[in-house]
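# Reading the structure
One-letter residues, chain by chain:
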Amino acid sequence: YTTAREEERFQLKLRGAITPNHVLEASYLEFSSDATNRAGLPAYDLFAATGIRSDPRDIMTVSYQGVLTSSVYLDLIYTDKNVSIQSGGDPANGSPFLYAGNAAPGFGIFHNHWWDFNDASVRDNENIGANLTQVVSTNDWGEHTIEYGVQYVKSTTGGENRQSSTGYNLLAYDLADTDFVNVGDDPLTFNLESYFDTGNQIAYRWEALGLGGVQEIENTAAYIQDSWQFNQWRFDVGLRYEEYTGKGPLPTVNIDFQDISPRIGVTYNIDANWQVVGSYGKYISRINDNVASNVTGVGGAPLINTLYTGPTLSGLSYDEVEDIIRDDDNWGITVGVYDPSQPTVLLDPDLEAPYANDFNLAVKRALPRNTGSFTLTYTNREFKNLLDDYVGEEGTVEIEDPVSGDPAGEFDLTRWYNCDTCQRDYQAVAATFEYRPGAKWNLGGNWTWSETRGNYEGEGRNTPSSGSVVGDYVESTNQPLAIPTGLLDEDITHRVAAWGNYRFDFDRFGSLNIGAIATYQSGFVWSRTASLSRGTGSPNYLNDGGTRYVGWFDGRGQNRFEGFYSLDMSARYAFPIFRDDVSGWFKINVLNVLNNDAQTSFTTSGSASEGPGGELEWSPSSSFGNVTSQN
C-alpha cells in the first residue's frame, strides 16, 4: 500500500513603526499535514492501512515595543497557538482487531486503523505578557534598572484518546494451539474461543466511554526585579509570584496553589580584568499536563475491558466477528473499568509545584589586550517538592459498570503527592574560554564536570510525568532494591569541546576558512537491573499481586558505558565572481576525521532468582552485552 502525505504552510509577517518610538509586529503561521492510507500500528491486512492523519495548527503572535519616556520602556506580547492531532480509521470499515499469536510475528491489526480520527488530541496554548522597564540614575547611588512584569499562560489539553472509530476494539492472543486468524484463507477468516473452555486463546473487548470537554491549567505570574549598578558592584534582586489553577471536564481535579520565588545576584568587578559573580534563584515548575490528565481522564482512553466468554467459533468472516464484538452476551466478565467519573487516581488537595534551588558562583578573567576571556563556574541545583504517585497506602475505591450499574470491582486508590523522599541533585563545574589572537583566527572551548545524583527519575523514556516505584505497594516491594540512591540516567561526568578557525586572505582571489571542532563525552551510566514480581502480594492491598517493578542489584548508576570523541573539520572557500555584487563559495565538511568507533551502549537486562539463603541474586540475560548503540 502507498501512504500519501501532503503539507501546506502559510505564513505572514508584518512589522511597522507607528512612530520611531512605537513598533508593532504581528505574525501568523498556518500549517497542515495530511496523510492517507497509513497504518498507525503494524497492519496485517489492507483494511488496517486505510487510516488518515491530519495535524492542523496555527500560531498567531502580536507584540509591541514602545519607548514611553527617555527612561521608561514597555513590551507587550500576545501569542495564541492551536494544535490538533487527528488520527484514525473510517467507522464504515468496522472495529479494529489486534492480534498477537502463532500465525504472525509480533502483533498487528486487522479490519481497520486503530484510533478514532474524529477524536482530536488538542494541545492549545495562550500567552499574554507585559514588561515595563524603568531606568533610574542617581549621582551618589549609581544606576537602577527596574523591571515590572505580569504573565498569563493557559494550557488546554483535550481528546479522549479513543482507540477505535466505532467505539469497540478486539484484542486476541493465542496461548496454545488455536490460531485466531486462518492465514491461508482468502478472504481471511477468524476463530474465537473462550479461555475458560480450552485455555488456547484469550480475547478482550474494549468498549469506549464518553468523556467530553477539555482540561485547562492556568498560570498567572507577577514579578519585579532591580538591577543596581554602584561603582564596582552590581546587585540583581527580584521577586516572582506564581499562581496555578486547573480544572477538567469532570470535578475530579481542582489545582489551586500559589508560591513566591526570590532571585538575587551579586557581581563584583575586582579590576578591569577580574570579575566575581554569585547568584541564587528559586525556580518554580508548572504542573505538567500529564499529571492532571491522570485525574481528568483527558487523553486516558476511558473504557470498559471485558473478557470473551462466548462459544467456540471458527471460520468467522470480518462481519461475523464484528457482530460478536457488539453482542454483550459474549462478554460476560468485566476485567477492568477506566471511568473518570469514578476516579481511582486523585491529586492531593494540598499539592504544590516542584521547584529547584539554584546556586551559581563564577570567576571571570579578561585576557590581555581584549583578546578573549576565561570563565570558571560552579553550579549546585537541588530539586524539591517533586511529584509522584502513591498507591496501596491510600485505601480503596469500588467501581460500578457504567453501563449496567453492576459492581465491577474494588481497586487500590492512587494519589499524587509532593514526594518528601524523592531526591534529585545536580552539581557541576564548567570552564569556558575564548581567545582571539588576531583578526584572522580564534580559538575557543568548554569543559563541564557534572554529577546528577538521587533516587528518582520520575518518568520513563517517552512517558513524561508517569510516576515511579516510590510509594507504590511499599509492603510488597523490596525497598533497597527498588529505590537505591546513586547516579541518575542523565549523569555525564565530562563534556569537552574545543574549536578553532583560521582565515587565509587571497585579496581579489577570495579567502579560505579552515575550521575544526573536537568533542569528548563520558559514557552514560547503567546498572544491573531485573524485573521483579510482587508475587501473591500483601493482604493489605487489593491489586499488587503479580505486578512488577525494576530492581537494582548493584546500586544505581554504578557502571558506565564507553565514552566517545570526535574530530570534525571543514574548509570553506569564498571567491568574487562579479565585482562586489556577486560572489560564490563552496565548503567541504569531514566528520569524525579520526574515525573513532565506540560502543556507546549494550543490552544490560538480567533476571533475578533466589540464592541459597533466600536472597535475590542477579544473572545476565542471554542477550546481555549485545550492542544496541554505536557512535
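Located above this text is the structure these notes cover.
Worth saying up front: this structure is predicted, and the values here are computed from it rather than measured. (Residues numbered from 1 in each chain as written. Predicted model: local features only at pLDDT ≥ 70, side-chain atom pairs only at ≥ 80, totals over all residues. Heavy atoms only, no water.)

This part is about the pairing of strand β10 (residues 168-174). Most of β10 sits inside the fold, with 6 of its 7 residues counted as buried. Looking at chain direction, β10 and strand β13 (residues 201-208) are connected through 7 bridges and run antiparallel. From the neighbouring strand, Leu 171 faces β13, where its bridge partner is Tyr 204. (Buried < 20%, exposed > 50% of the residue type's maximum accessible area, 1.4 Å probe, protein only. Helix = DSSP H or I, 4+ residues; strand = E, 2+ residues; numbered from the N terminus. Pairing = 2+ DSSP bridges.)

What follows deals with the nonpolar core. Soluble globular proteins: nonpolar side chains tend toward being buried together. If you look at the biggest cluster of nonpolar residues, it comprises 20 residues, and the most contacted ones within it are Phe 97, Phe 110, Leu 170, Phe 180 and Phe 190. Among the secondary structure elements, those contributing two or more residues to this core are β6 (97-101), β7 (104-110), β10, β12 (189-192) and α3 (318-325). For this core, the element with the most residues is α3, which contributes 4 residues. Ile 217, Val 253, Leu 351 and Ala 353 belong to the second-largest nonpolar core, a separate cluster that totals 17 residues. (Core = buried A, V, L, I, M, F, W, Y, C linked by side-chain atoms within 4.5 Å.)

Tallying each qualifying case throughout the model produces 1 disulfide. Covalently, Cys 419 is tied to Cys 422 through a disulfide, its sulfur atoms 2.1 Å apart. Around the S-S axis, the bridge from Cys 419 to Cys 422 shows a dihedral of about 85° and counts as right-handed. The pair formed by Cys 419 and Cys 422 is uniform in burial state, with each residue classed as buried. (Disulfide = S-S within 2.5 Å.)

Let us look at the layout of surface pockets. Within this model, the largest pocket holds a volume of roughly 1,300 Å³. Forming the boundary of the largest pocket are 50 residues, of which Glu 457, Gly 458, Glu 459, Gly 460 and Asp 489 lie nearest the centre. At the level of secondary structure, the elements contributing two or more residues to the lining of the largest pocket comprise β22 (355-366), β23 (372-384), β31 (525-526), β33 (548-552) and β37 (599-602). A breakdown of the residues in the lining of the largest pocket according to their chemical character gives 25 nonpolar, 16 polar and 9 charged. Taken as a whole, the second largest pocket encloses approximately 570 Å³ of empty space. Ser 121, Arg 123, Gly 158, Asn 161 and Gly 299 are the residues nearest the centre of the second largest pocket, which is lined by 31 residues in total. (1 Å grid on protein atoms, 1.4 Å probe; cavity = no way out; pocket = protein on both sides within 12 Å on 5 of 7 lines; lining within 4 Å. Points joined across faces, edges and corners; volume = space filled by probe spheres on them. Nonpolar A, V, L, I, M, F, W, Y, C, P; charged D, E, K, R; others polar.)

Worth remembering: the numbers are spatial, not functional.
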